[in-house]
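# Working through the structure, step by step
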Amino acid sequence: HASGLFCCCLTALLLLGGADDVEKEEEIAARDRNHIDNTLKLTEDKPKDDYSGALQKLRKIYQNAIRPLELSYKYNELRQHEITDGEITSKPMVLFLGPWSVGKSTMINYLLGLDDTPYQLYTGAEPTTSEFTVLMHGPKMKTIEGIVMAADSSRSFSPLEKFGQNFLEKLIGIEIPHKLLERVSFVDTPGIIENRKQQERGYPFNEVCQWFIDRADLIFVVFDPTKLDVGLELEMLFRQLKGRESQIRIILNKADSFATQELMRVYGALFWSLAPLINVTEPPRVYVSSFWADDYHPDTHRELFLKEEISLLEDLNQVIENRLENKIAFIRQHAIRVRIHALLVDRYIHTYKDKMTFFSDGELVFKDIIEDPDKYFIFKSILAKTNVSKFDLPNKEAYKDFFGVNPITSFKLLSQQCSYMGGCLLDKIEKAITHELPDLLGSIGLGKKPGALNCDVTGCGEAPKNRYRKH
């Protein structure tokens, strides 16, 4: 009897074990990916958009009309943003930011279908990503070292050399023959670890993040429902995202691991944590889902999570579709800032020359102008110019540092920046802002109103509208 009872028990355990295995197989079943291909139109055999002609025109406008004034008044030293040919011709960039182990790398693996392939990004419960990983399109799968990426002037990453060799060792590129990467590039970043000092990374982490933020077309800030605490490094990150709210999308990942009531509380807690960091009237869009290859947990809101995922993919597709339109708007916005900077430097020079006498101490005179520019109406006089918005004026404090490095005597007046053959630099950049760039936008047929960027309609000083908001 004892042996018979043992056999029964063993059989029952084996059956239970088999049942558990079936449940595990059901739990780790792969998710259907058809909605990704359909939403991003990856299965369509449509002809590729040939943007090369329009991009060459854009590059020519920048080199001939914007770059000369930018160099003459050293705009790069004010904004620390130098535009290269590679940046003009580059694909849209999607940046993934957030705390460690929230699912950034897993999400990229899922979107690109890299799971169980040699180029699957390493994931795990512990902090796994220590490099800035750039995923790009290439004819075959290969890895590119950061030093090689920075040395290649045809790419948009050559300016990263300024962050030093320690950083370049933490930069890696992966080329993959994937249809989505033909139209967009992904950047995976190291997770934010609040108990680690910045200097322990060996390179200026926040400055590198700022470089990528300035160039990103879409920024996914990913959160885990169990990691909603906000520390100093995350606060710094959101300070760096100021002014880029239109490109930010917040993702509450791993949502299928919570019951409905718990998920509602987590959603509220996320907004409570982020409210002091996002000081805008309209908060960024928040997506609630679970972005990985495994199927959703049973007894969760499958339909809701799928709709959220499709909505996020539509956002991504909109950025891809508006690639050239956004690039022209970006260059035009840059040109407006360069023009305003040149006008301000010119006004500083005029004021300096007016206040200088034979007995004046030039250093003391200019120090007084720098300390209190409002006394000399420097910034207000710029607003009297045609189509200059007060919202586009740079910070007055920035010019203290700028002129601390660049003496006022090293610059020429705008009236002296003219030649018989080439014309005046100010006239050329104004022509680019008011006519050449809007005409280029109209010629590509992307805008519903090709003349919408004309200064007669919007004013040259008006910042471009939210490029990614659906109207």
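Since this is a predicted model, take the numbers as computed values, not measurements.

### Here's the deal with the sheet that holds strand E4 (residues 171-176)
Reading across the sheet, the eight strands line up as E3-E4-E2-E5-E1-E6-E7-E8 and stay open at both edges, with mixed pairing between neighbours. The open sheet terminates on both sides in strands that have one partner only, identified here as strand E3 (142-145) and strand E8 (285-288). Averaged over all neighbouring strand pairs, the angle between strand axes comes to 20 degrees, with direction disregarded. Summarising the sheet, strand E1 (residues 93-97) and strand E6 (residues 218-223) pair through four bridges and their orientation is parallel. By the bridge assignment for E6, Phe-96 is matched with Phe-220. Running over the sheet, helix H9 (residues 205-215) touches E1, strand E2 (132-137), E4, strand E5 (185-188) and E6 and is turned about 145 degrees from E1.

### What to know about the packing of helix H13 (residues 323-355) against helix H17 (residues 425-443)
Axis separation between H13 and H17 bottoms out at 10 Å; the angle between their running directions is 165 degrees. Comparing their axes, H17 and H13 come out roughly antiparallel. For the element pair H13 and H17, the recorded crossing hand is left-handed. Of the residues in H17, those touching H13 at Glu-325, Ile-328, Ile-331, Arg-332, Ala-335, Ile-336, Val-338, Arg-339 and Leu-343 are Leu-426, Ile-429, Glu-430, Ile-433, Leu-437, Pro-438, Leu-440 and Leu-441.

### A look at the packing of aromatic side chains
By the definition in use, this model includes 23 aromatic pairs. Look at Tyr-399 and Phe-403: their rings are 6.1 Å apart centre to centre, the planes differ by 35 degrees, and that puts the pair in the tilted class. A residue pair is termed a helical-turn pair when its members lie 3 or 4 positions apart in one helix, as Tyr-399 and Phe-403 do in helix H16 (residues 396-405) at four residues. Of the two residues, Tyr-399 and Phe-403, neither departs from the other in class, the shared state being buried. Site record: aromatic cluster; members linked through ring pairs are Tyr-73, Tyr-348, Tyr-352, Phe-366, Phe-379, Tyr-399, Phe-402, Phe-403 and Phe-411. Cation over ring: Lys-396 sits above Phe-379, and NZ or CZ is 5.7 Å from the ring centre.

### So, the confidence of the model for the protein
Low pLDDT marks stretches whose predicted atomic positions should not be read closely. Residues at a pLDDT of 70 or more form 83% of the protein, whose mean pLDDT is 80. Taking the mean pLDDT of every element in the protein, the minimum, 40, falls on helix H18 (residues 455-458) and the maximum, 95, on E5. For the stretch residues 4-27, pLDDT sits under 50, and the model shows one contact to residues farther than four places along the chain or on other chains. pLDDT under 50 marks residues 446-471. Its contacts with residues more than four places away, or in other chains, come to 63 contacts.

### Re the pairing of strand E7 (residues 248-252)
Residues in a regular strand project their side chains so that they alternate between the two faces of the sheet. Among the five residues in E7, five count as buried, and that is most of the element. The sheet contact formed by E6 and E7 spans five bridges and is parallel. Of the residues in E7, the one forming a bridge with Val-221 is Ile-250. Relative to E8, E7 runs parallel, the two sharing four bridges. Counterpart to Ile-251 in the pairing with E8 is Tyr-287.

### Some words on the nonpolar core
Counting 54 residues, the largest nonpolar core has Tyr-348, Tyr-399 and Phe-403 as its most contacted members. Those elements giving two or more residues to this core turn out to be helix H3 (52-72), helix H4 (75-79), H13, helix H14 (362-371), helix H15 (378-383), H16 and H17. A per-element tally of this core places H13 first, with 15 residues. With near-sequence residues (within four places) excluded, Phe-403 lies in contact with Val-345, Tyr-348, Phe-366, Ile-370, Ile-408 and Phe-411. Among the nonpolar cores identified, the runner-up in size contains 48 residues, and Phe-132, Leu-160, Phe-205 and Leu-263 belong to it.

Thresholds, definitions, all that
Residues numbered from 1 in each chain as written. Predicted model: local features only at pLDDT ≥ 70, side-chain atom pairs only at ≥ 80, totals over all residues. Heavy atoms only, no water. Pairing = 2+ DSSP bridges. Helix = DSSP H or I, 4+ residues; strand = E, 2+ residues; numbered from the N terminus. Axes fitted to C-alpha atoms, helices over the stretch in contact; angles between N-to-C directions. Contact = heavy atoms within 4.5 Å. Parallel < 35°, antiparallel > 145°, perpendicular 65-115°, else oblique. Left-handed = near helix turned anticlockwise from the far one by under 90°. Phe/Tyr/Trp six-rings, centres within 6.5 Å; stacked < 30°, edge-to-face > 60°. Buried < 20%, exposed > 50% of the residue type's maximum accessible area, 1.4 Å probe, protein only. Lys NZ or Arg CZ within 6 Å of the ring centre and 35° of its normal. pLDDT = per-residue confidence, 0-100. Core = buried A, V, L, I, M, F, W, Y, C linked by side-chain atoms within 4.5 Å.

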